[in-house]
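This is what each chain is made of:
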Amino acid sequence: MSEPTKQEAIKPEENNTAAADVTKYKTAAEIVNNVLKKLISLTVEGAKIYDLCVEGDKLIEQGTGAVYNKPVKGVKVSKGIAFPTCVSVNNTVAHFSPLASDPSAQQTLAKGDVVKLHLGAHIDGFAAVSAETVVVGATPAEPVRGRKADVIQAAWTAAEAAMRLVKVGNKNWQVTDAVAKVAAAFDCKPVEGMLSCQQSQNVIDGKKRIILNPSEAQKREFETVTFAENEVWGIDILISSGEDGKARLEESRTTIYQKESTVTYQLKMKTSRAVFSEVQKKAGAFPFNIRSLEDEKRARLGLQEAVQHNLVKPYEVIFTPAGTYVAAFHFTIALLPGGPAMITLPPVWYKPELVKSEKQLEDPELKELLTKPLRESKKSKKKAKTDGEEAKAEA
């Protein structure tokens, strides 16, 4: 099992569209990493999921509130939560972040729970989003084993493969296929239809996308895209220990929503207009939790009309079948002229000595891929070029 990848340094001379804003991306990523460290220390037996979510959001606000406080050309730099803190346990796939009034707010963590922590911060609209999986109470002396270990190791190995395939000139389907192959080696499946998206300023769900475990209909309709220089991507790897990776809605209230930037509609209800105005002011283009709005009851009522007319989209809480587990890793990566560079930091919790699966990856191509650095060194690029020229000369 490979160690978490070391970050590739981003050199100041990479002065281009993406690199010009890399400092803001990296600052957001450091805040996210610090919040994850704190949350992981609190992810213990008996901890309330609600408390972890509230603490995560509070720490993101504190972290972003401490930086970039000087106006630029007289304009205040926007910053804050890019994705509200979610704590999704066992077969809950994602987006679980209850309100105090929800019955599930009382839910606590138990030893052995597979916990996915997911959150994001932004500086001036440049967002770093991260997710990782933790098992409550696991230690090197008492590591994770069995299906929990299979699904976590599959997810991390798939994330490592994806990091190396999101590179200029490659296509989205290469990532889809590699993630499926890795999952299969651990007798697991990617969660059906999960998306990873290109990012830009104030956008975490761009039009260029990668899909995991698509249905036949999704395969036919999904657009093939090529990764290009200066793009930034948020890669979401979600793996299930279930047979088919299918997930469904259950009795769990949606609490996270996002304004749809491409849709315009004149809301009829006064409450809807007031809530939508508050959303625009507080969250802008980023997802938000109803918890962050002034009046929870009014917010739920006001959002109904906005959701109905697609002005706001819900991040629904979905589940794989009972008795299965879902593991997740999310990272943000920039495709700079010097090569790919990780924006977010390596996982805080995950270490080979904590997760002991009896299964392993056998595919020779993927095993070789995992030995490669994210960036080719200048020497190896030069050698490849020389070898190519010599081959042409011989031909």
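Residues numbered from 1 in each chain as written. Predicted model: local features only at pLDDT ≥ 70, side-chain atom pairs only at ≥ 80, totals over all residues. Heavy atoms only, no water.

Visitor: Which parts of the structure should I look at to understand the sheet that holds strand β11 (residues 288-289)?
Guide: Consider a sheet: its strands pair through backbone hydrogen bonds, and that pairing is either parallel or antiparallel. The antiparallel open sheet is built from three strands, whose spatial order is β11-β10-β12. In this open sheet, the two edge strands, each paired with only one partner strand, are β11 and β12 (312-315). Pairing geometry for strand β10 (residues 256-259) and β12, over four bridges, is antiparallel. When the bridges of β12 are listed, Y257 appears paired with P314. Contacting β10, β11 and β12, helix α8 (residues 296-308) runs over the sheet at an angle of about 110° to β12. (Pairing = 2+ DSSP bridges. Helix = DSSP H or I, 4+ residues; strand = E, 2+ residues; numbered from the N terminus. Contact = heavy atoms within 4.5 Å. Axes fitted to C-alpha atoms, helices over the stretch in contact; angles between N-to-C directions.)

Visitor: So what exactly am I meant to see when it comes to the packing of helix α7 (residues 270-282) against α8 here?
Guide: Describing two packed helices takes the angle between their axes plus the distance from one axis to the other. Viewed as axis vectors pointing N to C, α7 and α8 meet at an angle of 100°, and their least axial separation amounts to 8 Å. As summarised for this structure, α7 and α8 are arranged roughly perpendicular, according to the angle between their axes. Here T271, S272, A274, V275 and E278 of α7 come into contact with α8, specifically with R298, A299, L301, G302, L303 and E305. (Parallel < 35°, antiparallel > 145°, perpendicular 65-115°, else oblique.)

Visitor: Looking at this structure, how should I read the nonpolar core?
Guide: Across soluble globular proteins, nonpolar side chains have a tendency to be buried as a group. Ranked by size, the top nonpolar core spans 93 residues in total, and within it I152, V166, W233, I235, I239 and W349 carry the most contacts. Top contributing element to this core by residue count: helix α4 (residues 146-165), with 12 residues. Setting aside anything within four residues of it in sequence, one finds I239 in contact with V151, A154, A155, V179, A183, C188, K189, P190, V191, Y325, V326 and A327. Counting residues in hydrophobic clusters, the runner-up holds 15 residues, among them L267, F288, L293 and V312. (Core = buried A, V, L, I, M, F, W, Y, C linked by side-chain atoms within 4.5 Å. Buried < 20%, exposed > 50% of the residue type's maximum accessible area, 1.4 Å probe, protein only.)

Visitor: How should I be thinking about the packing of α4 against helix α5 (residues 172-185) in this particular structure?
Guide: Contact pair α4 / α5: the axes reach a minimum separation of 9 Å and the direction vectors enclose 155°. Between α4 and α5, the crossing angle belongs to the class labelled roughly antiparallel. In the crossing of α4 with α5, the sense of the turn from one axis to the other is right-handed. Only Q174, V175, A178, V179, V182 and A183 of α5 make contact with α4, whose side of the interface consists of A154, T157, A158, A161, A162 and L165. Its residues assigned to classes, the contact of α4 with α5 comprises 10 nonpolar, two polar and no charged. (Left-handed = near helix turned anticlockwise from the far one by under 90°. Nonpolar A, V, L, I, M, F, W, Y, C, P; charged D, E, K, R; others polar.)

Visitor: Would you explain the sheet that holds strand β2 (residues 92-94) in this entry?
Guide: Read from one edge of the open sheet, three strands run β2-β13-β9, paired in antiparallel fashion. Unpaired on one side and paired on the other, β2 and β9 (248-249) mark the two borders of the sheet. In this structure, β2 lies alongside strand β13 (residues 318-319), joined through two bridges in antiparallel fashion. Along β13, the bridge assignment pairs T92 with F319.

Such coordinate-based values are descriptive only and should not be taken to indicate function.
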